[in-house]
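One letter stands for each residue in the lines below.
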Amino acid sequence: MILASNIPAGESEQGNNFAMINSLPSDLLVDVLTRVASSSFTDLFNSKLCCRDFRGATEEECVLQQVSIVGFPVIHQWLKSEKVSWFLNRCVEIGNPEALYRQGMVEYFSSTRMESGLEKLRRASEKGHPEASYVYGIVLVCMGGQSSVEGLKLLNAMKGSTTSQSTRFAVFQDCRKRIEAFIRTMWINNNLAGRQRRSCCHENTSRLKQTWDGRSQVEDDASCEACKWDREVSLFCDMLR
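Residues numbered from 1 in each chain as written. Predicted model: local features only at pLDDT ≥ 70, side-chain atom pairs only at ≥ 80, totals over all residues. Heavy atoms only, no water.

- In the annotation of an unreviewed UniProt entry, the entry for the protein reads At2g35280-like TPR domain-containing protein, and the organism field reads Rhododendron simsii.

Okay, here's the thing in structure tokens:
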């Protein structure tokens, strides 16, 4: 018989901690790993190596739907690692918002799979992905007709409850900044040329001003909502050129 006093304190404590974690109900374990996945893929991968129960939990769909893929390249089809490509494709299939957004952007603006790409952007938007909502809304506005109405409704919803014009511009400016950085990693074949439509015939009265931290911010004097959205569409289309 091995006496507890003969077991090193560190090993005893580690064993107790492992036993406590291993005794967690499966649904609670999945919930914990979902939170881990949303902040760090590396931490999720390390958790997967702990034991068989952890490995099974890390492969649950709800975990992969929330896993962070920020550190992965955009065009994962170019990767030599089949395991990484399989993992990213799996994230798309399951409905990971960031994976859907990335693949949707590539398909719609780089390849000829525009219908499939737009559908992925729609799905990512429905899951609350801000950049996907912005891009999907702008594309719908460019389509005109009822699609334009739906696009404006989506873009207006991004403003949330704020009524401040400066706050709204800040929200969209930050969103555009992230999208522009993403677009720079892509080869653009579809720049929405010929699809950009003006919703209003008023003269453009927007101008640039410098903020306290040196950034350029658009200041719009127009009271017409349609003019403001025309300007927003123009800003996005400029990023594609």
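Moving on from the model shown.
### Remarks on the overall build of the protein
No. 1: A tally of helices and strands in the protein yields 12 helices and 2 strands.
No. 2: Traced from its N-terminal end to its C-terminal end, the protein shows the element sequence α-α-α-α-α-α-α-α-α-α-α-β-β-α.
No. 3: Residues counted as buried form 40% of the 241 residues belonging to the protein.
No. 4: Contacts in the protein between residues at least 24 apart in sequence constitute 62% of all its contacts with a sequence separation of at least 6.
No. 5: In the structure as shown, the protein presents an accessible area of about 14,200 Å², 53% of it carried by carbon and sulfur atoms. (Helix = DSSP H or I, 4+ residues; strand = E, 2+ residues; numbered from the N terminus. Buried < 20%, exposed > 50% of the residue type's maximum accessible area, 1.4 Å probe, protein only. Contact = heavy atoms within 4.5 Å. Areas by Shrake-Rupley, 256 points an atom, 1.4 Å probe, with all protein chains shown as cover.)

### Regarding the nonpolar core
No. 1: Ranked by size, the top nonpolar core spans 47 residues in total, and within it Tyr101, Met105, Phe109, Tyr134, Val135, Ile179 and Phe236 carry the most contacts.
No. 2: For this core, the element with the most residues is helix H9 (residues 130-143), which contributes 9 residues.
No. 3: Of the domains in this structure, domain 1 (26-68) and domain 2 (71-189 + 228-240) are the two that each give at least three residues to this core.
No. 4: Among residues more than four places away in sequence, those in contact with Tyr134 are Leu155, Met158, Phe172, Cys175, Arg176, Ile179, Glu232 and Phe236. (Core = buried A, V, L, I, M, F, W, Y, C linked by side-chain atoms within 4.5 Å. Domains from an automatic or database assignment.)

### Details of the packing of helix H6 (residues 82-94) against helix H7 (residues 97-109)
No. 1: Between H6 and H7, the least distance of the axes is 8 Å, while the angle of their chain directions is 100 degrees. Considering their axes alone, H6 and H7 lie roughly perpendicular with respect to each other. Where H6 abuts H7, its residues Leu88, Cys91 and Val92 lie against Ala99, Leu100 and Gln103.
No. 2: Across the contact of H6 with H7, the residue classes tally to 5 nonpolar, 1 polar and no charged. (Axes fitted to C-alpha atoms, helices over the stretch in contact; angles between N-to-C directions. Parallel < 35°, antiparallel > 145°, perpendicular 65-115°, else oblique. Nonpolar A, V, L, I, M, F, W, Y, C, P; charged D, E, K, R; others polar.)

### Observations regarding helix H10 (residues 145-158)
In an α-helix, one turn spans 3.6 residues; hence positions three or four apart end up facing the same way.
No. 1: For H10, with 14 residues, the first-to-last C-alpha span of 21 Å sits near the 20 Å given by 1.5 Å per residue.
No. 2: Those residues of H10 that fall on the buried side of the exposure criterion are Ser148, Gly151, Leu155 and Met158. Each buried residue of H10 lies within a common arc of 75 degrees when the element is viewed along its axis, so the set occupies one face. Every exposed residue of H10 that faces more than 90 degrees away from the buried side is listed here: Gln146, Lys153 and Ala157. (Expected span 1.5 Å × (residues − 1). Arc of directions from axis to C-beta.)

### Digging into the packing of aromatic side chains
No. 1: On inspection of all chains with the given rule, the structure shows 7 aromatic pairs.
No. 2: The interplanar angle of 75 degrees and the centroid separation of 4.9 Å between the aromatic rings of Tyr108 and Phe109 together place this pair among those described as edge-to-face. Phe109 carries the same exposure label as Tyr108, and that label is buried.
No. 3: An aromatic cluster is built from Tyr108, Phe109, Tyr134, Phe172, Trp229 and Phe236, whose rings are joined through pairwise contacts. (Phe/Tyr/Trp six-rings, centres within 6.5 Å; stacked < 30°, edge-to-face > 60°.)

### Here's the deal with the packing of H7 against H9
No. 1: At a minimum axis distance of 10 Å, the contact between H7 and H9 shows a crossing angle of 30 degrees. Taken together, the axis directions place H7 and H9 in an arrangement best described as roughly parallel. Seen along the crossing, H7 lies across H9 with a hand that is left-handed. Between H7, through Tyr101, Met105, Tyr108 and Phe109, and H9, the contact on the second element is made entirely by Glu131, Ala132, Val135 and Val139.
No. 2: Here the residues of the contact of H7 with H9 sort into 7 nonpolar, no polar and 1 charged. (Left-handed = near helix turned anticlockwise from the far one by under 90°.)

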